[in-house]
Structures are given as C-alpha cells and as structure tokens.
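Read off the chains here:
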Amino acid sequence: MNRNRRDGLNYVSKLTPLRVWNMIQLVVSYYLSKASGRPVHYGAPASISLEPTTSCNLRCPECPSGLRNFTRPTGMLTDEVYRKVIDELAPRLSYLVFYFQGEPYLNPKFLDHVRYAASKNIYTATSTNAHYLDDKKARETVESGLDRLIISIDGTSQETYEQYRVGGKLDKVLEGTRNIIKWKRQLKSKKPHVIFQYLVVKPNEHQLEEVQRLAKEIGVDEVAFKTAQIYDYENGSDLIPTIEKYARYKQLSNGKWAIKNRLLNHCWKMWHSCVITWDGKVVPCCFDKDAHHQLGTLEQTGFQPIWRGEAYENFRKALIRSRSEIEMCKNCSEGTKVWV
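Scoring rules and cut-offs
Residues numbered from 1 in each chain as written. Predicted model: local features only at pLDDT ≥ 70, side-chain atom pairs only at ≥ 80, totals over all residues. Heavy atoms only, no water. Helix = DSSP H or I, 4+ residues; strand = E, 2+ residues; numbered from the N terminus. Buried < 20%, exposed > 50% of the residue type's maximum accessible area, 1.4 Å probe, protein only. Contact = heavy atoms within 4.5 Å. Polar contact = N/O pair within 3.5 Å; in protein donor to acceptor, adjacent residues only side chain to side chain. pLDDT = per-residue confidence, 0-100. Axes fitted to C-alpha atoms, helices over the stretch in contact; angles between N-to-C directions. Parallel < 35°, antiparallel > 145°, perpendicular 65-115°, else oblique. Left-handed = near helix turned anticlockwise from the far one by under 90°. Nonpolar A, V, L, I, M, F, W, Y, C, P; charged D, E, K, R; others polar. Phe/Tyr/Trp six-rings, centres within 6.5 Å; stacked < 30°, edge-to-face > 60°.

## Brief notes about the environment of Val211
One can find Val211 in helix H9 (residues 208–218). Look at Val211 and you get buried, because its relative accessible area is 0%. Apart from the residues within four sequence positions on either side, Val211 is in contact with Ile153, Thr156, Phe196, Tyr198, Val223 and Phe225.

## Details of the side chain of Asn22
Note on placement: Asn22 falls in helix H2 (residues 17–36). In this structure Asn22 comes out as buried when scored by relative accessible area, which is 0%. A polar contact of 2.7 Å, which involves the side chain of Asn22, links it to the backbone nitrogen of Ala44. Ignoring anything within four residues of it in the chain, the contact list for Asn22 reads Gly43, Ala44, Pro45, Ala46 and Arg92.

## Observations concerning the confidence of the model for the protein chain
Mean pLDDT over the protein chain works out to 91, with 94% of the residues at or above the 70 mark. Note on residues 335–340: pLDDT is under 50 here. Beyond four places in sequence and across chains, it has 23 contacts.

## Examining unusual backbone geometry
Excluding glycine, residues mostly carry a negative phi; peptide bonds, for their part, are mostly trans. Cis geometry marks the peptide bond from Lys191 to Pro192, where omega comes out at 0°. The topology assignment puts Pro192 in the loop between helix H8 (170–186) and strand S5 (193–200). Phi is positive for Ala291, close to 55°, though the residue is something other than glycine. Here Ala291 is to be found in the loop between strand S10 (281–283) and strand S11 (296–297). In this structure Ala291 comes out as buried when scored by relative accessible area, which is 4%.

## Comments concerning the packing of helix H6 (residues 135–144) against H8
The interhelical angle for the contact between H6 and H8, taken along N-to-C directions, is 50°, at an axis separation of 8 Å. Judged by the angle between their axes, H6 and H8 are oblique. Judged by the sense of rotation from one axis to the other, the crossing of H6 with H8 is right-handed. Contacts between H6 and H8 involve Asp135, Ala138, Arg139, Thr141 and Val142 on the former and, on the latter, Asn179, Ile180, Lys182, Trp183 and Lys184. Residues of the contact of H6 with H8, tallied by class, amount to four nonpolar, two polar and four charged.

## What about the side chain of Ser273?
Structurally, the position occupied by Ser273 is in strand S9 (residues 273–276). Residues in contact with Ser273, not counting those within four places in the same chain, are Ser47, Pro284, Trp307 and Tyr312.

## Things to note about the packing of aromatic side chains
Scanning the entire structure with this criterion turns up 15 aromatic pairs. Taking the centre distance of 5.6 Å and the plane angle of 80° together, the rings of Tyr11 and Tyr123 count as edge-to-face. Of this pair, Tyr11 sits in helix H1 (residues 3–12) while Tyr123 is found in strand S3 (residues 123–128), placing the two residues 112 residues apart along the sequence. Using a relative accessible area of 1% as the deciding quantity, one classes Tyr123 as buried. When the ring of Tyr105 is compared with that of Phe110, the centres are 5.0 Å apart and the planes differ by 70°; the resulting orientation is edge-to-face. Judged by relative accessible area, which is 9%, Tyr105 ranks as buried. An aromatic cluster of at least three residues, connected via ring pairs, comprises Tyr82, Phe98, Tyr105, Phe110 and Tyr116.

Right, here's the structure in full:
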C-alpha cells in the first residue's frame, strides 16, 4: 500500500461521528463567514498545536527559539495544562500537533503526553531536529503511538546543513532517523509516518534531489520541501532561494522584496484550529510566535469560553474586515510545503 495513503487511512480510522459532525460545522461556518463578511462560528477545534517547550538546542537564524529572542518566558508544558486541554477537547478533536516553538524532546514528559492523546484515539504529530533520538528514545517513540514524525533535515552534507541548522550535527539527524526506522521494522509498526522536512534556502537548494535519494535509502516515508519565512525580507536575504518555486518572496522593480501570495481577507485556520503555548496561553496560529495576540489563558478558564469569547470574535472580525491590518498576517503564506 502507498505509504501516504496508509497514513491517510490511519487518520480516517480515528474519526468518530461526532468528530465528522464537528468538521462539517466548521466548514459550513467558515464559508458562511466568507459569504456574509461577518464571523459565524459553530463547532470546536478539529486540530490544535500544543507547545511542549520553547527550549531548543540549535541556533537557527530565522527561529525565535534559536535566536533566543522571545519576550515570553521559556518553560515546559505541564501535565496540568495538557490534561485540561485534552480532556475537554478530545471528543471533537481529531488532530494534535505537539509543536510550536522549541524542541519537543527536551520536555521529559513529551512521550507521556503522546501516549495520553493516543489513548483518546487522537491523531498525533510532532516536528523534531532529531538530535535526541537515541536507540532507547526511538523505541519509546514508536511504542508511544505517535502517528507522524516530521524530521527537519536542511542539507545532505554537514557543511550545507549547519548553514541553517546552526549548532546541529547531520550525523545525529541521520542516526536518529535510522533508529526510528529500525524500531518500526522490529516492532512491526506502521507508525509513526516519517517525513523529512527540508526548508529550502539558498545555501541548500542544490541538494533537493540528494535528500530525496537519502530518504529512499533510509526508508523515510515522505519528503516535504518547505518554503522559508524571512522576517526582514523587504531588503532581501541570503536565505531567499533562487528557485522561484520555493521562494515566498519576489523582487520588485525598485529592488525591494515582497511576499508573492495575495493577502485575502479570510483564513481557514481561524475557524478550525489554534495554538496553545506551554503555559496555557491560547493564540490564533503558529505565526504568533511571541504570543502577542493572546485570546485567553487556560489558567483562568476552560477552553470553550476562550474559543467562543469576545477576544476571539473580535480577532476573526478584524481578519475578515482587513487581514493586512494584522501585522503577523503580512508575512503569512499558506500552502508552503511541496510534498514528494
């Protein structure tokens, strides 16, 4: 069976009548909002991202964790915050991403949290730099029930890899990946679905074919080429690739740079998903890396009062009125992965 199809069927197997009905409600309310020009919302999130930690071992140049330039505190997702979210949302929640900022495996409770979500039959995914996938941790990962494992690999040689993944070791990434594949085979497990995610930047754009060959050789299920978000793109950057397909930005006649995608006044993410930081702050999406748009905090209330609250309503209203007025939306580009 095609591995992508197998992963899709795995996700579908977790859908219940209530989860399907919830998705229908979300889709209907989203299109009603687009048609009416005012926020209409039914249902609960079908997907959320939970942040295991803001800590990271690498120093990637376009990442707040790597640059150590957060204004919000660094910490670890606790059992109390985590279980509060999952216990409330599990009946309608079908997709859970254990990632926002930071390296998930630095949280010692991470795989315990995966197991708990798996016990609720929720599809689980995470993204890692794979430096902590030693033999023991790789086996625990496969046994945890994790459904999708995205491994960041931004070069096929150490020289190329470290130009973006500053402080990283490619041999650790490859060793960790091989450990996961080994334990999948030994335990006869189809999970996790393993993806090599390749952030295409100018220093590594010459190795796209090589990473596909490497993935096939190791036994990785999929390769995803991802376009890079550049914070100060207006004056250009040495990271912007020359291959137009993988660049979010285009150069204008005056020498300045601009994002290619049109900024439409709607966003599906605002209707079906959200992000929850390690300390229980609810923010609109993964572009709000420093949690500037806090819509509520789980320390003060449950999730539903936030999801239905005035702050969320006003944010959705502002987005429909003029998305370009929301600063973090200006550098947003949906559909930024090319799957292979």
